[in-house]
Amino acid sequence: MHGCGDRHGDVTVDLKMAIEIRNLDVAGVVGTLRFLYITLAIRGVLKHTLLASRALTGDPMPTSYVHGYDPRENLRLQDQASTLVDLLHSDTTYPPASTVLEAGCGVGAQTVPLASNSPGALITSIDISETSVAQATSAVRAAGLTNVTLRQADIFHLPFPPASFDHVFVCFVLEHVAHPVEALAALKRMLKPGGTITVIEGDHGSAFFHPDSEFARQAIRCQVQLQAKAGGNALIGRALYPLLCQAGFVDVRVSPRMVYVDSSKPGLVDGFTRKTFTAMIEGVRKSSLKSGLISERDFDKGIADLYRTAEADGVFCYTFFKARAVNAADAGQP
Ligand SMILES: C[S@@+](CC[C@H](N)C(=O)[O-])C[C@H]1O[C@@H](n2cnc3c(N)ncnc32)[C@H](O)[C@@H]1O
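Remember, predicted model here, so these are calculated numbers, not experimental data.

Draft legend 1. Molecular detail of the environment of Gly-314. Relative to the elements of secondary structure, Gly-314 occurs in the loop between helix 11 (296-308) and strand 8 (315-326). Along the sequence, Gly-314 and Val-269 sit 45 residues apart, while their C-alpha atoms lie 9.2 Å from each other. Excluding its chain neighbours within four sequence positions, the residues that come into contact with Gly-314 are Phe-209, His-210, Pro-211, Ser-263, Arg-308 and Thr-309.

Draft legend 2. Structural context of helix 5 (residues 130-142). With 13 residues, helix 5 should cover 18 Å at 1.5 Å per step; its first-to-last C-alpha distance of 18 Å lies within 8% of that length. At the C-terminal side of helix 5, Gly-144 shows a positive phi close to 75°.

Draft legend 3. Layout of the environment of Phe-172. Along the chain, Phe-172 turns up in the loop between strand 4 (165-171) and helix 6 (180-189). Among the residues examined, Phe-172 registers 25 C-beta atoms within 10 Å and is labelled buried. Expressed as a C-alpha distance, the spacing of Phe-172 and Gly-237, which sit 65 residues apart in the sequence, is 9.4 Å.

Draft legend 4. Fine view of unusual backbone geometry. For the bond from His-210 to Pro-211, the omega torsion is -5°, close enough to zero to count as cis. The residue Pro-211 is located in the loop between strand 6 (208-210) and helix 7 (214-229) in this model. Notably, Ala-163 is not glycine yet its phi reads approximately 60°, a positive angle. One can find Ala-163 in the loop between strand 3 (148-152) and strand 4. The partly exposed category is assigned to Ala-163, around which 18 C-beta atoms lie within 10 Å. The backbone of Phe-172 sits at a positive phi, close to 60°, despite the residue not being glycine.

Draft legend 5. Expanded view of the nonpolar core. Ranked by size, the top nonpolar core spans 51 residues in total, and within it Ala-103, Val-140, Val-168, Val-170, Leu-187, Val-199 and Leu-244 carry the most contacts. Of the residues forming this core, the biggest block, five residues, is contributed by strand 4. Those residues in contact with Val-199 that sit more than four places away from it in its chain are Val-170, Leu-174, Leu-240, Leu-244 and Ala-323.

Draft legend 6. Expanded view of the packing of helix 7 against helix 11. Following both chains from N to C, one finds helix 7 and helix 11 inclined at 110°, their axes separated by 7 Å at the closest point. Looking at the two axes, helix 7 sits roughly perpendicular to helix 11. Contact residues: Phe-215, Ala-216, Gln-218, Ala-219 and Cys-222 in helix 7; Asp-298, Phe-299, Lys-301, Gly-302, Ile-303, Asp-305 and Leu-306 in helix 11. Partitioned by chemical class, the residues of the contact of helix 7 with helix 11 number seven nonpolar, two polar and three charged.

Draft legend 7. Broad picture of helix 6. Residues of helix 6 that are buried: Pro-180, Ala-183, Leu-184, Leu-187 and Lys-188. Buried residues of helix 6, viewed axially, fall in a sector of 140°; they line one side. In this structure, the buried residues of helix 6 make contact with strand 1 (99-103), strand 4, strand 5 (191-201) and helix 8 (240-246).

Rules used throughout
- Residues numbered from 1 in each chain as written.
- Predicted model: local features only at pLDDT ≥ 70, side-chain atom pairs only at ≥ 80, totals over all residues.
- Helix = DSSP H or I, 4+ residues; strand = E, 2+ residues; numbered from the N terminus.
- Contact = placed C-beta atoms within 7 Å.
- Expected span 1.5 Å × (residues − 1).
- Buried ≥ 20, exposed ≤ 12 C-beta atoms within 10 Å, placed from the backbone.
- Core = buried A, V, L, I, M, F, W, Y, C linked by C-beta atoms within 7 Å.
- Axes fitted to C-alpha atoms, helices over the stretch in contact; angles between N-to-C directions.
- Parallel < 35°, antiparallel > 145°, perpendicular 65-115°, else oblique.
- Nonpolar A, V, L, I, M, F, W, Y, C, P; charged D, E, K, R; others polar.
- Arc of directions from axis to C-beta.

So, to be careful, I would describe these as geometric facts and stop short of saying anything about function.
Below is the structure:
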């Protein structure tokens, strides 16, 4: 199994384009859309902590970190970070003393808001990538969180007894997994009867924009095809309901969460439309051409048209899907 913290099949993207987190060592990490979230969440959550601690200690800001020292830039970044954190996390809080398994925590982009929103819950975050777990550990420490335990583990071979957790949280992971129903079933075994699972995924088919462009749509389709070739599914958001049902969950509820960007939201125009979504599609240029999915001219026109949607009269929309489901109360031990 590949992990986006290490390698993502053919879909290798230079994250320096999309992330620009200068104070975290993420060079070499590859990514797709969820890295917007990493960018924004870590910028937003960690920078608050860093800024606050530096203000208290009088520690001068390192000059190499270009984002966030100008108050206006700070506000912009905090706005976009909180927009997406709110969009995806605001309705997920776990009661004090409840046990939560976060599966596929990556570098901790979700771990930080998850643990911050449920300070009394006991969160265990795992990822198959040792490197990502180390980065997540740093992120959790930097955020001053004490309710998270991190460890390396594989969703398909979890080192916990069945029914160990009250809740499971999984975000931007199933799209990389060749057998998502099996992954969900493995996570279900970790849940106590009556426990819940929360799943968040994107869906690249949900991207639409003004001005519309068939070239842009073709370029996006290249990313979808390459991810499928690598065993994943960049269109998985729309399938969360049937996947959770097939895995045996009950009371499945899916809620679409649209990110809408126009030039009245300059932070999102820059952070989402340009530096995340378009940069992500641009990142598959080489693989797309090599695979013969598209001509060079058409791909480049598609990218230019995506950047065009970030201009003053442009609009960009993308939908995340968030599902919550229950492990039936009478679920027996597997
Ligand atoms: C796109 S990242 C998402 C990380 C994080 N959830 C987030 O939203 O920022 C997907 C993560 O799933 C992890 N992953 C993939 N397959 C896994 C498996 N079988 N067991 C555990 N983690 C896995 C990868 O290593 C990677 O860190």
